[in-house]
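Summary of structural features
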Amino acid sequence: QVQLVESGGGLVQAGGSLRLSCAASGATNCISSMGWYRQAPGKERELVATIGGGGSTVYADSVKGRFTISRDNAENTLYLQMNSLKPEDTAVYYCNAVTGLQIGICSRRNYWGQGTQVTVSS
């Protein structure tokens, strides 16, 4: 089992910055990749950014150049640095972790945090 707890959300003005954190605990040795997703009211949850075990990253086009995802493996913490925030970035942001299958050691599944609210005012 993996537990994920997000923090760092809040209210900021357009053009401002926020840094989200996600603390992972439990079977962290099984985690192969992590990511951030967000969900605005009335919208489906969408990918924001992911980072693989080797450091490879993927960003949604809407945040590319403004957001940076990083991972501190020693502390089992995922970060999302958000700059030049826009009102359309307003959403609940969720931390995600994917565990890789290793027979007798790790099961393959997705884990989600409880979410943290980010609100960007115009």
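Refer to the structure presented above.
A few points on the structure.

Here is what the cut-offs are and how they apply
Residues numbered from 1 in each chain as written. Predicted model: local features only at pLDDT ≥ 70, side-chain atom pairs only at ≥ 80, totals over all residues. Heavy atoms only, no water. Pairing = 2+ DSSP bridges. Helix = DSSP H or I, 4+ residues; strand = E, 2+ residues; numbered from the N terminus. Axes fitted to C-alpha atoms, helices over the stretch in contact; angles between N-to-C directions. Core = buried A, V, L, I, M, F, W, Y, C linked by side-chain atoms within 4.5 Å. Buried < 20%, exposed > 50% of the residue type's maximum accessible area, 1.4 Å probe, protein only. Polar contact = N/O pair within 3.5 Å; in protein donor to acceptor, adjacent residues only side chain to side chain. Contact = heavy atoms within 4.5 Å. Phe/Tyr/Trp six-rings, centres within 6.5 Å; stacked < 30°, edge-to-face > 60°. Lys NZ or Arg CZ within 6 Å of the ring centre and 35° of its normal. Disulfide = S-S within 2.5 Å.

**Some details on the sheet that holds strand β3 (residues 18–26)**
- One open sheet accounts for 4 strands, arranged β1-β3-β8-β7; its pairing is antiparallel. Each edge of the open sheet is held by one strand with a lone partner, namely β1 (2–7) and β7 (67–72). Strand-to-strand twist in this sheet, taken as the mean axis angle between neighbours without regard to direction, amounts to 15°.

**Examining the nonpolar core**
- If you look at the biggest cluster of nonpolar residues, it comprises 28 residues, and the most contacted ones within it are L4, M34, W36, L80, M82 and Y93.
- Elements with a contribution of two residues or more to this core: β1, β3, β4 (31–39), β5 (46–52), β7, β8 (77–82), β9 (91–99) and β11 (116–121).

**Regarding the side chain of N96**
- Examined against the element boundaries, N96 turns out to sit in strand β9.
- Given the relative accessible area of 3%, N96 is considered buried.
- At 3.2 Å, the side chain of N96 forms a polar contact with the backbone oxygen of Y111.
- Excluding its chain neighbours within four sequence positions, the residues that come into contact with N96 are L4, S33, M34, G35, Y37, N110, Y111 and W112.

**A closer look at the environment of T50**
- Assignment of secondary structure puts T50 in strand β5.
- C-alpha separation for the pair T50 and E6, spaced 44 residues apart in sequence, amounts to 15 Å.
- T50 has contacts with M34, G35, Y37, S56, T57, V58 and I69, leaving out every residue within four places of it along the chain.

**Digging into the packing of aromatic side chains**
- For the structure on display, the rule yields 1 aromatic pair.
- Seen from their ring centres, Y37 and W112 are 5.0 Å apart, and the 70° between their planes marks the pair as edge-to-face. One end of the pair, Y37, is in strand β4; the other, W112, is in strand β10 (residues 109–112), and 75 residues separate them in sequence.
- Under the relative-accessibility criterion, Y37 is labelled buried at 18%.
- Above the plane of the ring of Y94 lies R45, whose end atom (NZ or CZ) is 3.8 Å from the centre.
- We note R45 situated over the ring of W112; from NZ or CZ to the ring centre the distance is 4.6 Å.

**Description of the state of the cysteines**
- Applying the stated criterion across every chain yields a total of 2 disulfides.
- Each disulfide pairs two cysteine sulfurs, and for C22 the partner residue is C95, the sulfurs being separated by 2.0 Å. Between C22 and C95, the disulfide has an S-S torsion of -80° and is therefore left-handed. Here C22 is found in strand β3, whereas its partner C95 is found in strand β9, with 73 residues between them in sequence.
- Overall, C22 belongs to the buried group, its relative accessible area being 0%.
- A residue is classified by how much of its surface remains accessible, and C95, at 0% relative accessible area, is buried.
- Between the sulfur atoms of C30 and its disulfide partner C106 the distance amounts to 2.0 Å. Here the S-S torsion is close to -75°, and the disulfide linking C30 with C106 is therefore left-handed. Here the residue C30 occupies a position in the loop between β3 and β4, and C106 occupies one in the loop between β9 and β10, the gap between them amounting to 76 residues.
- Overall, the relative accessible area of 7% leaves C30 in the buried class.
- Relative accessible area serves as the criterion here: at 3%, C106 is assigned to the buried category.

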